[in-house]
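What follows is the residue order along each chain.
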Amino acid sequence: MIKPRDSIIKLRKLKQIRRKNLEKNLLDVQLKGQDHYVFIKENGKAQVVFKDGEWIAEHIRTAILKFNNEVDRIDKL
């Protein structure tokens with residue numbers, strides 16, 4: 001019989017694994033070779049850092065938005 005605490009621990013571990021995989025996909029696949037700095041904030045969301053007036057490519061912005069939406073979805077599990 002599974003204890004309620006065991007399921008909570010498993011859910012937390014699943015969330016950690018999903019976040020790790022999302023972060024790896026964002027940095028290693030979608031934004032590979034880009035010149036902008038991407039920071040992962042304390043809440044797990046990504047933030048692009050760039051100089052004032054510097055243009056950000058649309059695919060970078062889209063990738064960051066998709067990543068942050070997935071992080072929100074994982075938090076709601």
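Residues numbered from 1 in each chain as written. Predicted model: local features only at pLDDT ≥ 70, side-chain atom pairs only at ≥ 80, totals over all residues. Heavy atoms only, no water.

Visitor: Can you break down the nonpolar core residue by residue, with the values?
Guide: Residues Leu22, Leu26, Leu31, Ala46, Val48, Ala57, Ile60, Ala63, Ile64, Phe67, Val71 and Ile74 constitute the largest nonpolar core, which totals 12 residues. Within the residue set of this core, elements represented by two or more residues are α1 (4-30), β2 (46-49) and α2 (58-75). In terms of residue count, the dominant contributor to this core is α2 (6 residues). With residues up to four places along the chain from it excluded, the contact list for valine 71 reads Arg19, Leu22, Asn43, Gly44 and Lys45. (Core = buried A, V, L, I, M, F, W, Y, C linked by side-chain atoms within 4.5 Å. Buried < 20%, exposed > 50% of the residue type's maximum accessible area, 1.4 Å probe, protein only. Helix = DSSP H or I, 4+ residues; strand = E, 2+ residues; numbered from the N terminus. Contact = heavy atoms within 4.5 Å.)

Visitor: So what's going on with a nonpolar patch on the surface? Which residues, and what values?
Guide: On the surface, a cluster of nonpolar side chains totalling about 230 Å² of accessible area is made up of Leu11, Leu14 and Leu77. For leucine 11, the location among the structural elements is in helix α1. (Patch = residues over 30% accessible without salt bridge, like charges linked within 9 Å, V, L, I, M, F, W, Y side chains within 5 Å. Areas by Shrake-Rupley, 256 points an atom, 1.4 Å probe, with all protein chains shown as cover. Salt bridge = Lys/Arg side-chain N within 4 Å of Asp/Glu carboxyl O.)

Visitor: If you had to explain the environment of asparagine 69 to someone new, which residues and values would you point to?
Guide: Along the chain, the position of asparagine 69 falls in helix α2. Looking at asparagine 69, the relative accessible area reads 51%, which means it is exposed. With 24 residues separating them along the chain, asparagine 69 and lysine 45 place their C-alpha atoms 8.7 Å apart.

Visitor: Talk me through the environment of lysine 24; I want residue IDs and the actual numbers.
Guide: Mapped onto the fold, lysine 24 is located in helix α1. Given a relative accessible area of 53%, lysine 24 falls into the exposed group. Once the C-alpha coordinates of lysine 24 and asparagine 69 are considered, the two residues, 45 residues apart in sequence, prove to be 16 Å apart.

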